[in-house]
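# Notes for the structure review
Next come the chains, spelled out residue by residue.
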Amino acid sequence: MKKNKHIVSNIATKILCIETANAVTSIAITENNNCLCVKTLSDANKAADSLHTLLASMLAEQHLKMNDLHAIAISAGPGSYTGLRIAVAAAKAYCFALDIPLIAISTLESMVHGVQTRYHQNEYDVFVPMIDARRMEVFAAFYNQKSEKQQTFSGLIIDANFPELLDANKKYLLFGNGAIKTSTFINKENSTLFTDFSHCASDLCSLAFYHFVNKQFEEIAYFEPNYTKQVHITSQKK
């Protein structure tokens, strides 16, 4: 009888993490709770062209094979429709071929984890990751200092009414590629716009290992990412 690798407990667990929900494509491998390696492609929206070659390059550099992986974790949205679709298709194929589980992590949650751990931004009451959703709209959520989600917005329009969502007695950190839209509306005394943040697959690593240990896996055949909005297609001008 074939033994699934995700029940093996006496060796280091290696999980491939894929981030394509934002414009930048990145992948990482976590070994237990530590990020072993990461590769990032800074060219926007290149997931379809580069994901598999990026992975092959990283595995070769680490002297690893696909069979060394114990799970695949993806940034599961919200975010780029095309990016999410590409990541899910690749992740499902890897999982089926290797007989390993699929782990889905909220993109907004991993962004909070990243801004707290990689950028050491911890002195705020509320963390507000924001992903561009076209025009003046964003995907966003409010998280407390313990990374617990307090409120989610599937399509929040940023306008003069936005400050009404913010408690004047709390300190907010707004970040992500959609946060810049708030610059003319927020009160700088209690809200900080953090423009240095760039989402990375390494932000998924420790979250992925937590899911693995707790066997929080997805049904591979039926899993769909959090697209939130339908794909937007612009027809070519003739």
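Above: the structure in question.
First, a word on what this report is: a plain description of the structure on this page.

So, how was this worked out
- Residues numbered from 1 in each chain as written.
- Predicted model: local features only at pLDDT ≥ 70, side-chain atom pairs only at ≥ 80, totals over all residues.
- Heavy atoms only, no water.
- Buried < 20%, exposed > 50% of the residue type's maximum accessible area, 1.4 Å probe, protein only.
- Helix = DSSP H or I, 4+ residues; strand = E, 2+ residues; numbered from the N terminus.
- Pairing = 2+ DSSP bridges.
- Core = buried A, V, L, I, M, F, W, Y, C linked by side-chain atoms within 4.5 Å.
- Contact = heavy atoms within 4.5 Å.

### Details of the pairing of strand β9 (residues 172-175)
- The side-chain alternation of β9 yields two buried faces, one formed by Tyr172 and Leu174 and the other by Leu173 and Phe175.
- In the sheet, strand β6 (residues 126-132) pairs with β9 via four bridges, with the strands oriented parallel. Note on β9: the bridge partner recorded for Val128 is Leu174.
- Here β9 pairs with strand β10 (residues 191-194) via four bridges, running parallel. By the bridge assignment, Phe175 is partnered in β10 with Phe194.

### Here's the deal with the nonpolar core
- Among the nonpolar cores identified, the biggest contains 28 residues, and Leu16, Ile18, Ile27, Ile29, Ile72 and Ile74 are the most heavily contacted of them.
- Among the elements that line this core, the one with the most residues is helix α2 (residues 81-98), at eight residues.
- Apart from residues lying up to four places away in sequence, Ile18 is in contact with Ser26, Ile27, Leu51, Ile72, Ala73, Ile74, Ser75, Ala87, Tyr94 and Leu204.

### Quick notes on unusual backbone geometry
- Across the junction of Gly77 and Pro78, the peptide omega takes the value 5°, indicating a cis bond.
- Mapped onto the fold, Pro78 is located in the loop between β4 (71-75) and α2.
- Positive phi is not limited to glycine here, since His63 has a value of about 55°.
- Mapping His63 onto the fold places it in the loop between α1 (47-61) and β4.
- Under the relative-accessibility criterion, His63 is labelled exposed at 73%.
- If you check the backbone angles, Ser147 has positive phi at about 65° while not being a glycine.
- Classification of Ser147 as partly exposed rests on a relative accessible area of 26%.

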